[in-house]
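The residues making up each chain are set out below.
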Amino acid sequence: MTLQQEIVGNAMQMAVVSLQPGQTVYCEAGKFLFKTVNVTMETRLSGPSNSGGGQQQGGAGGMGGLLRQAMGTAMQVGQRALAGESLAFQYFTAQSGEGTVGFAGVLPGEMRALELDGTRAWFAEKDAFVAAESTVDFGIAFQGGRTGRSGGEGFVLEKFTGRGTVIIAGAGNFIDLNPADFGGRIEVDTGCVVAFEDGIRYGVQRVGGLNRQGLMNAVFGGEGLSLATLEGNGRVILQSLTIESLANALRKAQGGDKEGPTGGLFSTHAG
């Protein structure tokens with residue numbers, strides 16, 4: 001059953017979802033805006049892949065089935081806690097006719113509905129997830145080792161698999177690119193990556209060498225020492241506003257700018 005949704009608004013968009021009787025959509029805690037009275041709301045720690053598993057396994061699996069379900073939920077919650085994500089999901093189901101639910105992101109910017117056909121996963125930046133059909137599985141992908149430590153935002157990614165609609169949000173305006181249209185590779189600020197399809201190779205590289213120009217880029221360019229790299233043939237979504245630049249602008253407006261004249265490598269703000 002296709003999720004009927006409409007993304008409305010400009011500077012701070014929202015998604016208005018129309019649910020058919022019995023249809024369920026879930027969101028990350030804190031992304032819900034409003035609902036009609038015939039839509040039930042339930043908060044759970046478990047993701048959609050093992051929601052309701054206890055009832056289905058209770059007869060055949062007994063205590064073993066319940067234990068496996070509890071362990072699976074604990075692993076999901078642990079992953080989300082390590083990633084700094086919300087620990088719980090909210091589930092909305094239409095009862096006695098069609099229902100309506102509204103969702104939004106947490107930053108001024110755009111939203112996008114992605115359609116998964118079961119053959120290709122999508123990866124997104126941390127906190128990009130807003131809502132999805134119950135047929136879409138939400139997971140955490142950790143970028144290991146050197147890539148994660150160098151990339152900052154790239155260390156933790158949200159992963160979406162299955163079939164159905166998933167709604168994501170970002171900051172500023174979106175642009176869709178395919179690295180294959182630009183020689184197979186693009187380099188972007190690590191904070192500009194919103195989402196990309198499975199098959200795109202994501203990495204982090206140093207900005208220039210450890211020479212005079214490399215240090216000039218890092219100190220005065222405002223990019224630090226690393227850029228994200230995206231390679232392959234597939235869809236990539238970038239955002240025009242990074243969380244760091246928004247935070248810096250707010251600090252400056254409040255008279256608390258700690259960047260100094262150079263920014264970049266010499267940034268002294270906390271967090």
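Residues numbered from 1 in each chain as written. Predicted model: local features only at pLDDT ≥ 70, side-chain atom pairs only at ≥ 80, totals over all residues. Heavy atoms only, no water.

Here glutamate 133 is to be found in strand E10 (residues 129-133). Buried charged residue glutamate 133 carries no salt bridge. Nearest counter-charge: arginine 163, at 10 Å. Within the structure, glutamate 133 has its side chain in polar contact with the backbone nitrogen of threonine 165 (distance 2.7 Å). (Helix = DSSP H or I, 4+ residues; strand = E, 2+ residues; numbered from the N terminus. Buried < 20%, exposed > 50% of the residue type's maximum accessible area, 1.4 Å probe, protein only. Lys, Arg positive; Asp, Glu negative; His and termini not counted. Salt bridge = Lys/Arg side-chain N within 4 Å of Asp/Glu carboxyl O. Polar contact = N/O pair within 3.5 Å; in protein donor to acceptor, adjacent residues only side chain to side chain.)

So, about the nonpolar core. Core analysis: the largest hydrophobic core is formed by 21 residues, its most contacted members being Tyr26, Phe129, Phe160, Val166 and Ile168. Put simply, the parts of the chain that give this core at least two residues each are strand E6 (89-94), strand E8 (111-117), strand E9 (122-125), E10, strand E11 (136-142), strand E12 (156-169) and strand E15 (193-197). The biggest single contributor to this core is E12, with four residues. The contact partners of valine 166, leaving out residues within four places of it in the chain, are Arg112, Ala113, Leu114, Leu116, Phe129, Ala131, Ala132, Val136 and Phe160. Core analysis: the next-biggest nonpolar cluster, separate from the first, contains 16 residues, Val17, Ala94, Met111 and Ala131 among them. (Core = buried A, V, L, I, M, F, W, Y, C linked by side-chain atoms within 4.5 Å. Contact = heavy atoms within 4.5 Å.)

Here arginine 112 is to be found in strand E8. We classify arginine 112 as buried; its relative accessible area is 17%. Looking at arginine 112, its side chain comes within polar contact range of the side chain of aspartate 176, at 2.7 Å. When near neighbours in sequence (up to four residues on either side) are disregarded, arginine 112 contacts Ile7, Val166, Ile167, Ile168, Phe174, Asp176, Arg235 and Ile237.

Under the counting rule described, the total for this entry stands at 12 aromatic pairs. Ring geometry for phenylalanine 123 versus phenylalanine 196: centroids 5.7 Å apart, planes at 25°, classification stacked. With phenylalanine 123 in strand E9 and phenylalanine 196 in strand E15, this pair connects stretches of sequence that are 73 residues apart. Accessibility expressed as a relative area gives 12% for phenylalanine 123, which makes it buried. Measuring from centroid to centroid gives 5.0 Å for phenylalanine 129 and phenylalanine 138, while their planes differ by 50°, and the two rings are tilted. (Phe/Tyr/Trp six-rings, centres within 6.5 Å; stacked < 30°, edge-to-face > 60°.)

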